[in-house]
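# Working through the structure, step by step
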Amino acid sequence: MDITADRLAAKSIGAGARRSRRRRQDSQNRPIAIHFSRSAKGSRAVLFRRAAPGRRSDDELAGLVGIPWRLLAIAVVQVAATVSVGLLADRLIGSFGATGTLDRLVVAGLICAIAVSVVMRYRERVDGEAYGQGVAHRVRLVLGRRLLRSPSTVRGGADGEVVLRFVGDLAALRNWHAQGQVALMIAMPVLAGGVGVLAWLDASLGIAIAAMIFGVVGLQTAVGPRLREAGESARRERARLARTVTDATCTLASIQLFGRQARELRRVERRSNALAGSMLRRACWSGLMRAASDLGATGLPIAILAVWLLRGEADLGSSAVALMLSGLLAPRIRELARIREYWELAQISRARIAAFLGRPVIAERSDAKGLMRRNGAIAIRDLSVGGVFKGLCADAPGGARVALVGPNGAGKSRLLSVLSGLEAPAAGRVVIDGQNATKRRLASQQRAVSMASADAPLVRGTVDYNIHYGARAKGADADMLRRLGGYEELLAELQDGAGARIGAGGHGVSAGQRARIALLRALLRNPVVLLLDEIEANLDAAGRRVLARVLEDFPGTIIMATHNDEWTNRCDHLWRLEAGALSASQRDAQ
């Protein structure tokens, strides 16, 4: 590996490259917008592409929603169609009663108004789903970015909860924006327009129908908080069940080895029963809201007839118009229950997603300068990680071999995580080649420092894909690093060679082979500082020979956390971490 060439390449990054990087960053920070396009055959296709950047509010979720202008237009058209149906029907019946004939122009207008209402109903569902999917897509990307920027040492809960945010919480948000919010935007103007026409026909009738609608809304407002409480309980139980199943899946070998299948099944059963009970309570309050809405929708035509019968009037023309309007308004009244239910559940999901977005993340420091690569000299100054260690200081020159030793739980892995940029220190500096890495761009620090660790698991894919995952070395440097890391020897051990499949968690290869793949993956990042976190633990004789070769011939600096005296003796610097303090010394490598 040519360190000088690397340094020259790093210095060659000019203003054009920096502008390109800024453009990429701006592109990544733009919200995703959803658009419709038509293919040659006229079929609709939903395309996600980046919208022009706009001002973001303090509420990150609110900034992702946007204004559904198309749906607002549909609402306006729906109101116009509903009012037109009522007015044209009244005029048609009035003219027929006066002349005994149907006005063809009015009939055509009535048919057109009904057709427009039907088409807008279709567009309401399709465009509403597109809008809801767009919101879910944008939130999903924000959650994904936040998850990928979370410190790997901070799990902050359960894998089941993370899965729930990506699936359950996003489904609740999508339902609200695709069906609840859309239905609200259209139902309220349509109901207002319909009641207005009824009031124009008969003031007392309009007042009666308005009172019925307000009664339905009032009942739902009273029941809403109870529904939210039940929804929160159901969400908690769903997260607990997901966590239990996830834990059982991840620890299946231990469960089977120690014969605890029955116990784990009882845990799943308890969680499942608790979830069923919470869902039943939620269904009770939801059913009450829907029953109220159905009562209002069913009672609408009855109320219309009752008003005229009680007044002793039987204006058949106005009655027919009113009944026709009731047919258009009844579905909107029924929707009021679902609208409230979607809103309550979306508020639960929104609060949980906002809490997740409020978690700490690794600062990318994208506006900072890059770290210039030299020979890998590294120093730590007053380095602290809360609850682990405080005020650590040590130095290692470029090309050094450092053995990091200490008892279990002393914080060796956390120290390596800080050096690699996986975790930000609470205080202090990491100095690489004379530059404060904690103030430089994170990506450049992670290019200069690479780590092989059992805590950095392999990804699903082939062996070759894992070895070259994030590789930066090219040409002669890559060939040299593959030879150094025993690439060909490793592939010769595998039946399918480079194409051997690796499953989740590294399944498909042995523990020693996983360690060698991790070592090769770290080497091919072409770092100047290589961190090894007890990588030797599962190596066989061939793997140990490869590791010895890396310690001997790697041209940069190596810091190796180990409990093995064999590897400690091969290092020329010793860092001992114990009781939150670090002592550093230089020694002769054997």
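Structure: see above.
Summary of the structure given here. (Residues numbered from 1 in each chain as written. Predicted model: local features only at pLDDT ≥ 70, side-chain atom pairs only at ≥ 80, totals over all residues. Heavy atoms only, no water.)

### What to know about the overall build of the protein chain
The helix and strand tally for the protein chain stands at 18 helices and 14 strands. Looking at the 590 residues of the protein chain, the share that counts as buried comes to 45%. Approximately 29,100 Å² of the protein chain is accessible, and the part contributed by carbon and sulfur atoms is 56%. (Helix = DSSP H or I, 4+ residues; strand = E, 2+ residues; numbered from the N terminus. Buried < 20%, exposed > 50% of the residue type's maximum accessible area, 1.4 Å probe, protein only. Areas by Shrake-Rupley, 256 points an atom, 1.4 Å probe, with all protein chains shown as cover.)

### Description of the sheet that holds strand E5 (residues 401–405)
The pairing of strands in a sheet comes from backbone hydrogen bonds and takes either a parallel or an antiparallel form. Pairing in this open sheet of 6 strands is mixed, and the strands run E8-E11-E12-E5-E13-E14 from one edge to the other. Of all strands in the sheet, those bounded by a partner on one side alone are strand E8 (449–453) and strand E14 (581–586). Between one strand axis and the next, the sheet turns through 15° on average, direction left out of account. Bridge analysis of strand E11 (residues 529–533) against strand E12 (residues 557–561) gives 5 bridges, and the strand direction is parallel. Counterpart to valine 529 in the pairing with E12 is threonine 557. (Pairing = 2+ DSSP bridges. Axes fitted to C-alpha atoms, helices over the stretch in contact; angles between N-to-C directions.)

### Brief notes about the nonpolar core
Among the nonpolar cores identified, the biggest contains 52 residues, and Val139, Leu143, Leu198, Leu205, Ile209, Ile213 and Ile353 are the most heavily contacted of them. A per-element tally of this core places helix H6 (residues 159–201) first, with 14 residues. Counting residues in each nonpolar core, the second largest holds 37 residues, with Ala452, Met480, Leu551 and Met560 among its members. (Core = buried A, V, L, I, M, F, W, Y, C linked by side-chain atoms within 4.5 Å.)

### Focus on the pattern of salt bridges
Enumeration over the complete set of coordinates arrives at 22 salt bridges. Among the salt bridges present, the one from aspartate 169 reaches arginine 235, with a minimum N-O distance of 2.8 Å. With aspartate 169 in helix H6 and arginine 235 in helix H7 (residues 203–250), the pair connects residues that are 66 residues apart, well separated along the chain. Both residues of the pair, aspartate 169 and arginine 235, count as buried. (Salt bridge = Lys/Arg side-chain N within 4 Å of Asp/Glu carboxyl O.)

### Remarks on the sheet that holds strand E4 (residues 389–396)
Strand order in the open sheet made by the 4 strands is E4-E3-E6-E7, with antiparallel pairing throughout. With one partner strand each, in any of the chains shown, E4 and strand E7 (435–436) form the two edges of the open sheet. With 5 bridges joining them, strand E3 (residues 378–385) and E4 adopt antiparallel strand pairing. Pairing of alanine 379 across the sheet is with aspartate 395, part of E4.

Limitation: the analysis is restricted to geometry and does not speak to function.
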